[in-house]
Number of protein chains: 2
Amino acid sequence: VRVALLGLGLIGGSIARALARAGASWQVVAWSPTGSGPASAAADGTAQAAGTPEDAIGGADLVVLAGPPLACLELVERVAAILGPNRDRAVVTDVASTKAVIVERGRAAGLRFVGGHPMAGREHAGYRASVADLFAGRPWVVVPGDPDDTEARDRVEAMAVACGGRPVVMTAANHDTAVAAISHLPLVLSAALVETVAGAADWSSVRGLAAGGWDGMSRLARGDVEMGTGILATNGPAVAERLAALRDAIDGWLADLGADEPDVDRLRARLAAARRLAGPIE
Amino acid sequence: VRVALLGLGLIGGSIARALARAGASWQVVAWSPTGSGPASAAADGTAQAAGTPEDAIGGADLVVLAGPPLACLELVERVAAILGPNRDRAVVTDVASTKAVIVERGRAAGLRFVGGHPMAGREHAGYRASVADLFAGRPWVVVPGDPDDTEARDRVEAMAVACGGRPVVMTAANHDTAVAAISHLPLVLSAALVETVAGAADWSSVRGLAAGGWDGMSRLARGDVEMGTGILATNGPAVAERLAALRDAIDGWLADLGADEPDVDRLRARLAAARRLAGPIE
């Protein structure tokens, strides 16, 4: 199977490394806007480097859009133009964190598009941070653009499996609602916490006392800005819906914490219930 | 210096271990309600075990209330009754996460009370989790009940230094406002996130996709319930004030995310500003 990776950072690089390890039946050609990831991958024998998207895509069975979310979106039409009459031959997938917008765009461009989202990551970005076992045992969400094109879906699932991932077929709407809850809402919350605390007038005198709790809760806000922007730009309504529910929970906490006399039993019950819901730390 | 530890979990145990390492000038006697920590400490040579608070406190220069926040509060009058006419001789301190309520209570009980809050912790609780270097290099907030009693303050600071900590003298109000921001607000936020997401109807289908971001943001809500209850019961107004500010930040995010057309530049600028405020991940 000939795979063209457009983008070779953490995710693209980890796909390349995993496929290189999976065996000779996978041939990977990689292109990226800067060319630095592909150059490194060529040097270390992980993938062939292509100088242009055209060179990478020529003869590919599977084209993987592996840039940041907004960059993947912008590549859709470009890939369609490059494939031209070969649109029926190649399957196109992506790794972006939201699925409805890009799957619709792939469909509209006439591509055999199957959305993908490997649920894996690391804090550090770039090809240098990529590892062959990033996807091992992790869900790899697969969102078929055309449910009847089972061959296209199979091709993407085969790559996910070759990377060690666990394909999970979902609709774009179900995926985007789910990740809004467990991934994108936490990002917004982390940013809102930082805005509130680190943006307050007394931050310079407060920050010296910060410990593990603060580090953990501000971590997502300290992550990659382009990734976060792409996520929120393409999943705003689903995130807003979860955020509105969270606002209600906060209103409840405001009432409990602002009481003239603390209701200790109520505070304890509420914390205990949250702990039960999430499961204790292992 | 003879130190009586009332409570010998993670914090009390780590104080005992640090003082045992600090040398023979520190003698530690420990009591706890269950007796299990002191029995272990006696067995491993870290501290003497006392069967009652009276036995532990007899002859102590420094009494350390080292239980969960509400347990420390309840010990204040008991310690005052046990000390009786020796109230002028012994200095009493604590390790609770909030300072205004307990320092006022110590003062009202006629104790030479100096509030303390070592800014250190681990995820696991109990004497078994205690380590001698828990406080190494960390701030140890010191809140004098009587600013004129410098000898009392010195005695607590000397213990903090012997434990490897960095004494930081603050007023109770400044301390409680600061930790409301960097420690207690994150706890409430984590609980509210869990209530919203893990309490939603679709949680069972969503949880399988959860990854590092969710784990990090739900971590505080999965911590010790008694600790959290004591914190929120004794610092409600300060936490509520920060939470109200956070609610305003969330309202701003709701407006940005709910827009008909995403304003990509605005989303990017807001995430970039939060990242700048908190500092990137090192």
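What counts and what doesn't
- Residues numbered from 1 in each chain as written.
- Chains lettered and ligands numbered in written order.
- Predicted model: local features only at pLDDT ≥ 70, side-chain atom pairs only at ≥ 80, totals over all residues.
- Heavy atoms only, no water.
- Helix = DSSP H or I, 4+ residues; strand = E, 2+ residues; numbered from the N terminus.
- Contact = heavy atoms within 4.5 Å.
- Pairing = 2+ DSSP bridges.
- Phe/Tyr/Trp six-rings, centres within 6.5 Å; stacked < 30°, edge-to-face > 60°.
- Buried < 20%, exposed > 50% of the residue type's maximum accessible area, 1.4 Å probe, protein only.
- Axes fitted to C-alpha atoms, helices over the stretch in contact; angles between N-to-C directions.
- Nonpolar A, V, L, I, M, F, W, Y, C, P; charged D, E, K, R; others polar.
- Right-handed = clockwise from strand over helix to strand, strands pointing away.
- Expected span 1.5 Å × (residues − 1).
- Arc of directions from axis to C-beta.

Here we come to the side chain of B:Asp256. On the secondary structure map, B:Asp256 appears in helix α11 (residues 236-257). Residues contacting B:Asp256, with those up to four places away along its chain left out, are B:Arg266, B:Leu267 and B:Arg270.

Turning our eyes to something else, we now look at the sheet that holds strand β6 (residues 112-118) of chain A. Residue and element names in this part refer to chain A. Taking strand neighbours across the sheet as the criterion, the eight strands line up as β3-β2-β1-β4-β5-β6-β7-β8 in an open arrangement whose pairing is mixed. Only two strands of the sheet have a single neighbouring strand rather than two, namely β3 (48-49) and β8 (166-169). In the sheet, strand β2 (residues 27-31) pairs with β3 via two bridges, with the strands oriented parallel. Each bridged residue has a counterpart across the sheet, and for Ala30 the counterpart in β3 is Ala49.

Residue and element names in this part refer to chain A. A full pass over the atoms with the stated rule returns four aromatic pairs over all chains. Each ring, one from Phe135 and one from Trp140, has its centre 5.0 Å from the other, and the planes form 55°; the classification is tilted. Under the relative-accessibility criterion, Phe135 is labelled buried at 1%.

With that out of the way, let us pick up the packing of helix α4 (residues 69-83) of chain B against helix α10 (residues 225-234) of chain B. Residue and element names in this part refer to chain B. Viewed as axis vectors pointing N to C, α4 and α10 meet at an angle of 65°, and their least axial separation amounts to 7 Å. On the side of α4, the interface is formed by Pro69, Leu70 and Leu73, while α10 contributes Glu226, Met227, Thr229, Gly230, Ile231, Ala233 and Thr234. Looking at the contact of α4 with α10 residue by residue, the classes come out as six nonpolar, three polar and one charged.

As a further point, take the pairing of β8(A). All names here are of chain A. Of the pairings in the sheet, the one linking strand β7 (residues 139-144) to β8 comprises four bridges and is parallel in character. Note on β8: the bridge partner recorded for Trp140 is Pro167. Between the parallel elements β7 and β8, the chain passes through helix α6 (residues 150-162) in a crossover that is right-handed.

Helix length check: helix α12 (residues 264-278) of chain A, at 15 residues, gives a terminal C-alpha distance of 21 Å against a target of 21 Å (1.5 Å per residue), a fit within 8%. By the burial criterion, the buried members of α12(A) are A:Leu267, A:Arg270, A:Leu271, A:Ala274 and A:Ala278. The arc that holds the buried residues of α12(A), viewed along the axis, is 95°, so those residues lie on one side. Along α12(A), exposed side chains directed more than 90 degrees from the buried face belong to A:Asp265 and A:Arg276. The elements touched by buried residues of α12(A) are α11 (236-257) of chain A together with α7 (172-197) and α10 of chain B. After α12(A) finishes, the residue A:Gly279 shows a positive phi value of roughly 90°.

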